[in-house]
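The residues making up each chain are set out below.
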Amino acid sequence: MDEISAAGFLFDMDGTLVDSTAVVESVWTAFAVRHGVDAAALLAYAHGRQAADTVGHFLPGVAEDERAVLVRGLVAEEVTRTDGIVEIPGAVALLEHLVAQRAPVAVVTSAPRALAVARLRAAGVPVPDVLVAAEDVARGKPHPEGYLRAAEHLGVPIDECVVFEDAEAGIAAAVASGARVVVVGHHESPVTDGLDRLGDYAGFRAAVR
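How each quantity is defined
- Residues numbered from 1 in each chain as written.
- Predicted model: local features only at pLDDT ≥ 70, side-chain atom pairs only at ≥ 80, totals over all residues.
- Heavy atoms only, no water.
- Salt bridge = Lys/Arg side-chain N within 4 Å of Asp/Glu carboxyl O.
- Helix = DSSP H or I, 4+ residues; strand = E, 2+ residues; numbered from the N terminus.
- Buried < 20%, exposed > 50% of the residue type's maximum accessible area, 1.4 Å probe, protein only.
- Polar contact = N/O pair within 3.5 Å; in protein donor to acceptor, adjacent residues only side chain to side chain.
- Phe/Tyr/Trp six-rings, centres within 6.5 Å; stacked < 30°, edge-to-face > 60°.
- Lys NZ or Arg CZ within 6 Å of the ring centre and 35° of its normal.
- Pairing = 2+ DSSP bridges.
- Right-handed = clockwise from strand over helix to strand, strands pointing away.

Caption draft 1: Quick peek at the pattern of salt bridges. For the structure shown, the criterion picks out ten salt bridges. Here Arg-205 and Glu-3 are joined by a salt bridge, their closest N and O atoms 3.4 Å apart. Taken as a pair, Arg-205 in strand E10 (residues 205–208) and Glu-3 in strand E1 (residues 3–6) lie far apart in primary sequence, 202 residues in all. According to the relative accessible area criterion, Arg-205 is partly exposed, its value standing at 43%. According to the relative accessible area criterion, Glu-3 is partly exposed, its value standing at 45%. Of the charged contacts in the structure, one is a salt bridge between Glu-145 and Arg-149, with a shortest N-O distance of 2.9 Å.

Rendered as structure tokens:
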């Protein structure tokens, strides 16, 4: 596909607007090694999910207060590591075009707000007025709460929005929300069957309807 129109545009961040793969894999691989967890399994699970959910999944015996300390440490490290973070090709031009058209735009991410803003700015991607981050929801992806909340903030019915997502948990959340979903990148699973797909945004056009 090379063009789409919608009343609202909702974007995931990591892997959808910015490429932060190197930093994410470095931080989480080191965490896995420290805690005796299989790094490949952890990385496969973590993509698109809140850090607290990933830590809880792989360290189920850790008390809640200790888990919170681990998560804060992970986030603090990630916020300071922005070298090498770049846009997904065409993302900056697309967001700038939508902003110029006064299109309803939101970012819905499993990252905390400070980390999301740091990564978007590092990649040169405009930070929209509506940014639904980890601390803004009670239930993270794959639950649709984040996307439903973003549509509500924009004042646009979710079924008139399009969501751009790259990861299993996020795609499942977007599908469950009732929005139209576009898969960015190459992830394939049963949840992506029948969905529109983009490799990146180079040459892609979007219009408000």
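Caption draft 2: Representation of helix H2 (residues 39–46). The distance from a side-chain oxygen at the start of H2 to the backbone nitrogen of Ala-40 is 3.4 Å, and the residue carrying that oxygen is Asp-38. Backbone geometry just after H2 places Gly-48 at a positive phi near 90°.

Caption draft 3: Inspection of the packing of aromatic side chains at higher detail. Per the counting criterion, the structure on display carries seven aromatic pairs. Ring centres of Trp-28 and Phe-31 lie 5.4 Å apart, and the angle between their planes is 70°; this geometry places the pair in the edge-to-face category. With Trp-28 and Phe-31 both in helix H1 (residues 21–34), this residue pair falls three residues apart, about one helical turn. Both residues of the pair, Trp-28 and Phe-31, count as buried. Taken together, a centroid distance of 6.0 Å and an interplanar angle of 80° make the contact between Phe-164 and Phe-204 edge-to-face. Placement of Phe-164 in strand E7 (residues 161–165) and of Phe-204 in the loop between strand E9 (196–198) and E10 is noted, with a sequence separation of 40 residues between them. The same class applies to Phe-164 and to Phe-204, which are both buried. Among the aromatic residues, ring-to-ring pairing joins Phe-11, Phe-164, Tyr-201 and Phe-204 into one connected group. When the ring centre of Tyr-45 is taken as reference, the NZ or CZ atom of Arg-49 above it lies at 4.1 Å.

Caption draft 4: The pairing of strand E5 (residues 105–108), seen in detail. Burial of the side chains of E5 extends over both faces: Val-105 and Val-107 are buried on one face and Ala-106 and Val-108 on the other. Pairing geometry for strand E2 (residues 8–11) and E5, over three bridges, is parallel. Residue pairing for E5: Phe-9 is matched across the bridge by Val-105. Here E5 runs beside strand E6 (residues 130–132); their pairing, made up of three bridges, is parallel. Bridge assignment links Ala-106 to a residue of E6, and that residue is Val-130. For the handedness criterion, the β-α-β arrangement of E5, helix H6 (residues 113–123) and E6 is classed as right-handed.

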